[in-house]
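So you can see what is in the structure, the chains are spelled out below.
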Amino acid sequence: IHPDGASAWITGETDHDVTVIDARTGMQMTRIEVGKRPRAIAFLPDGSRAYVTNETGGTVSVIDVPSRAVLRLRGTGRPLRAVGRDEFLDDEAP
């Protein structure tokens, strides 16, 4: 769930995407292609960025929430399952 509560962000492990659903209506708002086998999503406290761990590729997709665009794909060199602010956001903290 996005920090503002207005949308649910759901990983599509087999489609390699994130689907954004309107929390009030349940309707799909958009679909965002990310890395291989996305597993978890974390948001900055202000909701401006989403970080998606991509297990198979060992990457993190950095998404600009307002534009719903992937800003970059960061390699970690190892498989990933969860998101931890200390590990992935140190150089991007507001």
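A.B. asks: Residues and numbers for the pairing of strand β6 (residues 59–64), please.
C.D. replies: Along any regular strand, the residues point their side chains to alternate faces of the sheet. Of all 6 residues in β6, 6 are buried, a share of seventy percent or more. Residues of β6 alternate between two faces, with Thr-59, Ser-61 and Ile-63 on one and Val-60, Val-62 and Asp-64 on the opposite face, all of them buried. Judged from the 6 bridges that link them, strand β5 (residues 49–54) and β6 form a sheet pairing that is antiparallel. Of the residues in β6, the one forming a bridge with Ala-50 is Ile-63.

A.B. asks: So what's going on with the packing of aromatic side chains? Which residues, and what values?
C.D. replies: This model, assessed by the stated rule, comprises 1 aromatic pair. An angle of 85° between the planes, with centres 5.4 Å apart, marks the rings of Trp-9 and Phe-43 as edge-to-face. Residue Trp-9 is located in strand β1 (residues 7–12), and its partner Phe-43 is located in strand β4 (residues 38–43); the two are separated by 34 residues in the primary sequence. With relative accessibility at 7%, the residue Trp-9 sits in the buried group. Since its relative accessible area comes to 19%, Phe-43 is described here as buried.

A.B. asks: Can you tell me about the pattern of salt bridges, naming the residues and giving the values?
C.D. replies: Tallied over the full model, the rule gives 6 salt bridges. Between Arg-31 and Asp-17 there is a salt bridge, and its shortest N-O distance comes to 2.4 Å. Placement of the pair is Arg-31 in strand β3 (residues 28–33) and Asp-17 in strand β2 (residues 17–22), with a sequence separation of 14 residues. We classify Asp-17 as buried; its relative accessible area is 3%.

A.B. asks: A description of the sheet that holds β5 should follow, citing residues and the corresponding values.
C.D. replies: Sheet strands line up and pair through hydrogen bonds in the backbone, either parallel or antiparallel. Spatially, β4-β5-β6-β7 is the arrangement adopted by the 4 strands of the open sheet, whose pairing is antiparallel. This sheet does not close on itself; its edge strands, each paired only once, are β4 and β7 (69–75). For this sheet, the mean inter-axis angle between neighbouring strands, taken without regard to orientation, is 20°. The pairing of β4 with β5 spans 5 bridges and is antiparallel. Paired with Phe-43 across the two strands is Ala-50, which belongs to β5.

A.B. asks: How would you explain the sheet that holds β3 if you had to name every residue and give the values?
C.D. replies: Ordered by their spatial adjacency, 3 strands build an open sheet running β1-β2-β3, and the pairing between neighbours is antiparallel. The strands lining the two open edges of the sheet, one partner per strand, are β1 and β3. Neighbouring strand axes in the sheet, compared pairwise and without regard to direction, differ in orientation by 20° on average. As judged from the 5 bridges shared by β2 and β3, these two strands associate in the antiparallel manner.

Cut-off values and rules
Residues numbered from 1 in each chain as written. Predicted model: local features only at pLDDT ≥ 70, side-chain atom pairs only at ≥ 80, totals over all residues. Heavy atoms only, no water. Buried < 20%, exposed > 50% of the residue type's maximum accessible area, 1.4 Å probe, protein only. Helix = DSSP H or I, 4+ residues; strand = E, 2+ residues; numbered from the N terminus. Pairing = 2+ DSSP bridges. Phe/Tyr/Trp six-rings, centres within 6.5 Å; stacked < 30°, edge-to-face > 60°. Salt bridge = Lys/Arg side-chain N within 4 Å of Asp/Glu carboxyl O. Axes fitted to C-alpha atoms, helices over the stretch in contact; angles between N-to-C directions.

Read these as geometric descriptors, not functional statements.
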